[in-house]
Amino acid sequence: LSFIYSALHREGKAVEHAEAALLSLLTRRKESLPKSILAEAIGFTTPIAYPKTVRLGNGEPVPVTKSDDICFAIQMSPNRMEMLMMVAKQWAGPIFAVVHVSAEDLRKGVDPGRFQDNFFSLLHQTHPNRKSIHLEFYSTPEEWSWYPVNNLRNLALTGCAKLSTWAMTVDVDFVPSSGAHAAMLAHAKELLSSPPPEDGRDSGRRALVVPAFEALDEVVTDRRRLQGLLGDKTKLADLYMSEPNWRWRVSKHTSAQLWPFDLKRSPTGHRASQSETFFKSDKRYSVKYRWGWEPYLLLRAPFPEYDESFVQYGMNKVEYTYELAAARFEFIVIPDAWLIHAHVDPEKKKGTSKPKPFQVGWSCWAPFAERVYDTYGGYRGATPCWAAKYVYPDVENLYADKCITNPSNGKLKRLSRRRKGT
């Protein structure tokens, strides 16, 4: 296949005509070709499934909205009110936040009604006209032991689908750049103007990538400095590009003050977004999917849902991009909007934070990958060699071949927002 594509390039044929020319050539020579090559070529013409989309509680599709806006879909716990406040002040569009209230939160006296009153009271002191922020509160059934992160994301996406045409699932710790709403809306109206095709071939399925960064604690805790980074891409680049040796800037050994989010723990998480290109470009650019990528994606309804077998920590965003890649989505990075991780973990600062149980998420990867393989015409992303050497032995020792998830016979319970005693 590589040889044929190279030949097409040498002959000056446009890339978009390569598949048709390739199929024509293979059809004429199919008797002499290995079956694996022929199958891959024929696969270009077969319909690719569209991912399962978020639904209402009764299983019905979410009604089509007429609001041409972008909604932030957020899942969070009650202790992140300050972060939600920062996002609400920076983001001009709708926000649909699903707040998970654990049994421990209830024992501590967390009350949804009081939370909501306090939040809007504080927000309207500085932003009295800020509207279109929706909060819903959910608790987990007793038989659920693990934080249902993807269930909560799907609830937030369902809420966004009722409000706007486009949505982006954002973790509450990430603050958007100044002007991100206007910039993202312009790109969405141009590139995501029509609903993605749910049948037939995969052309037209697009996801817009908003790069995400993290910085030294002393940078993000200095609110004036943080605001400068949110408002000026050149200031962002100055911190990112501060090392003369570019190899160190894009590795987990960097001593720069700002880098792609989670680079030091998971180098593959945002590498495919090509931050180096982002800082040098004022135009959109397409990128190819790479295994382990977990970018923040702007999508048009109907919104693909997250796989709810992934709970707690690990792989719960990686699986989402993996499935979109299997469904042949095109990924396009936009140059004029970005996110900064603005939360500083006090436990990490004290040096008392506990390691996160990444094995939980990994325990469900194999059955998930098999489902994707069966659904999307034999798609299989290449799992890195280090996973087999370092990850799977741990997972097998802890859980054997069991996918660690919450029981399927329970569901999240929506809590009343009425204050106790009123």
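None of the values given here were measured: they were computed from a predicted structure.

K.L.:
Describe the overall build of the chain, naming the residues involved and giving the relevant values.
P.N.:
The secondary structure content of the chain amounts to 18 helices and 13 strands. A sequence separation of at least 24 residues applies to 77% of the contacts in the chain between residues at least 6 apart. Summed over its atoms, the accessible surface of the chain is roughly 21,300 Å², and 51% of this surface lies on carbon and sulfur atoms.

K.L.:
Tell me about the state of the cysteines, residues and numbers included.
P.N.:
This model, assessed by the stated rule, comprises two disulfides. Bridging C71 to C160, the disulfide has an S-S length of 2.1 Å. Its S-S torsion of approximately -60° makes the covalent link between C71 and C160 left-handed. One end of the pair, C71, is in strand β1 (residues 70-76); the other, C160, is in helix α7 (residues 149-161), and 89 residues separate them in sequence. One exposure class covers both C71 and C160, and it is buried. Among the cysteines of the chain that take part in disulfides, numbered as they appear in the sequence, the pairing is 1-2, 3-4.

K.L.:
Which residues make up the sheet that holds strand β4 (residues 166-169), and what values go with them?
P.N.:
Spatial strand order, β9-β11-β6-β10-β4-β1-β2-β3-β13: nine strands in an open sheet with mixed pairing. Taken across any chain shown, the strands that pair with only one partner, and hence form the sheet edges, are β9 (285-287) and β13 (413-415). Averaged over neighbouring strand pairs, the angle between their axes works out to 30° when direction is ignored. Pairing geometry for strand β3 (residues 133-139) and β13, over three bridges, is antiparallel. What sits directly across from Y138, in β13, is R414. Relative to β1, α7 is tilted by about 150°, and along the sheet it contacts β1, β2 (95-100), β3 and β4.

K.L.:
An account of the sheet that holds strand β7 (residues 212-215) is needed here, citing residue identities and associated values.
P.N.:
Strands sit in the order β5-β12-β7-β8 across an open sheet of four strands; the sheet is mixed. A single partner strand is all that each edge strand has here, and the edge strands are β5 (174-176) and β8 (258-260). On average, each strand axis in the sheet is inclined to that of its neighbour by 35°, with strand direction left out of account. One ladder, built from three bridges, connects β5 with strand β12 (residues 339-341); its direction is antiparallel. Paired with V175 across the bridge in β12 is I340. Against the sheet, helix α11 (residues 233-240) contacts β7, β8 and β12, and its axis sits at roughly 95° relative to β8.

K.L.:
Can you break down the pattern of salt bridges residue by residue, with the values?
P.N.:
Applying the stated criterion across every chain, the model contains 14 salt bridges. Here E305 and K52 are joined by a salt bridge, their closest N and O atoms 3.9 Å apart. Within this pair, whereas E305 is found in the loop between β10 (296-300) and α14 (318-326), its partner K52 is found in the loop between α3 (35-43) and β1, the two being separated by 253 residues in sequence. Judged by relative accessible area, which is 58%, K52 ranks as exposed. A salt bridge links D307 to R371; its shortest N-O distance comes to 3.1 Å. A residue pair is termed long-range when its members are at least 10 positions apart, and D307 in the loop between β10 and α14 and R371 in helix α17 (residues 365-375) qualify at 64 residues. Relative accessible area serves as the criterion here: at 32%, R371 is assigned to the partly exposed category. What emerges from the salt-bridge pattern is a single network uniting R153, D171, E294 and K317.

K.L.:
Got a sec to walk through the packing of α14 against α17? Specific residues and values, please.
P.N.:
At their nearest, the axes of α14 and α17 sit 11 Å apart, and the two run at 20° to each other. Taken as axis vectors, α14 and α17 run roughly parallel relative to one another. For α14 against α17, the interelement crossing comes out right-handed. Contacts between α14 and α17 pair V318, E319, Y322, E323 and A326 from the former with W365, F368, A369, R371 and V372 from the latter.

K.L.:
Kindly report on the nonpolar core, identifying the contributing residues and their values.
P.N.:
With 116 residues, the main nonpolar core has I95, F119, M184, F331 and W365 as its most contacted residues. Sorting elements by how many residues they give to this core places helix α4 (residues 81-90) first, with seven residues. Residue contacts for W365: discarding those within four places in its chain leaves W291, F310, M315, V318, E319, Y322, T383 and Y392.

K.L.:
Any details on the packing of α4 against helix α6 (residues 112-126)? Residues and values, ideally.
P.N.:
Where α4 contacts α6, the two axes come as close as 11 Å, and the packing angle between them is 40°. With respect to α6, the element α4 is oriented oblique. Relative to α6, the crossing made by α4 is right-handed. Facing α4, whose interface residues are M81, L84, M85, A88 and K89, α6 presents F115, N118, F119, L122, L123 and T126. Of the residues belonging to the contact of α4 with α6, the class tally is eight nonpolar, two polar and one charged.

K.L.:
How would you summarise α11 if you had to cite specific residues and measurements?
P.N.:
Listing the buried residues of α11 in full gives K233, L236, A237, L239 and Y240. Taken down its axis, α11 places every buried residue within 160° of arc, on the same side.

K.L.:
Before we move on, can you summarise the pairing of strand β11 (residues 330-333) with the specific residues and values?
P.N.:
With four bridges joining them, strand β6 (residues 206-210) and β11 adopt parallel strand pairing. By the bridge assignment for β11, L208 is matched with I332.

K.L.:
Tell me about the side chain of N154, and name the residues and values.
P.N.:
Along the chain, N154 turns up in helix α7. For N154, a relative accessible area of 5% gives the class buried.

K.L.:
I'd love a proper account of the confidence of the model for the chain, names of residues and values included.
P.N.:
It should be kept in mind that the predicted coordinates are not to be read in detail where pLDDT is low. Mean pLDDT over the chain works out to 84, with 83% of the residues at or above the 70 mark. Note on residues 38-45: pLDDT is under 50 here. Beyond four places in sequence and across chains, it has twelve contacts.

Analysis parameters
Residues numbered from 1 in each chain as written. Predicted model: local features only at pLDDT ≥ 70, side-chain atom pairs only at ≥ 80, totals over all residues. Heavy atoms only, no water. Helix = DSSP H or I, 4+ residues; strand = E, 2+ residues; numbered from the N terminus. Contact = heavy atoms within 4.5 Å. Areas by Shrake-Rupley, 256 points an atom, 1.4 Å probe, with all protein chains shown as cover. Disulfide = S-S within 2.5 Å. Buried < 20%, exposed > 50% of the residue type's maximum accessible area, 1.4 Å probe, protein only. Pairing = 2+ DSSP bridges. Axes fitted to C-alpha atoms, helices over the stretch in contact; angles between N-to-C directions. Salt bridge = Lys/Arg side-chain N within 4 Å of Asp/Glu carboxyl O. Parallel < 35°, antiparallel > 145°, perpendicular 65-115°, else oblique. Left-handed = near helix turned anticlockwise from the far one by under 90°. Core = buried A, V, L, I, M, F, W, Y, C linked by side-chain atoms within 4.5 Å. Nonpolar A, V, L, I, M, F, W, Y, C, P; charged D, E, K, R; others polar. Arc of directions from axis to C-beta. pLDDT = per-residue confidence, 0-100.

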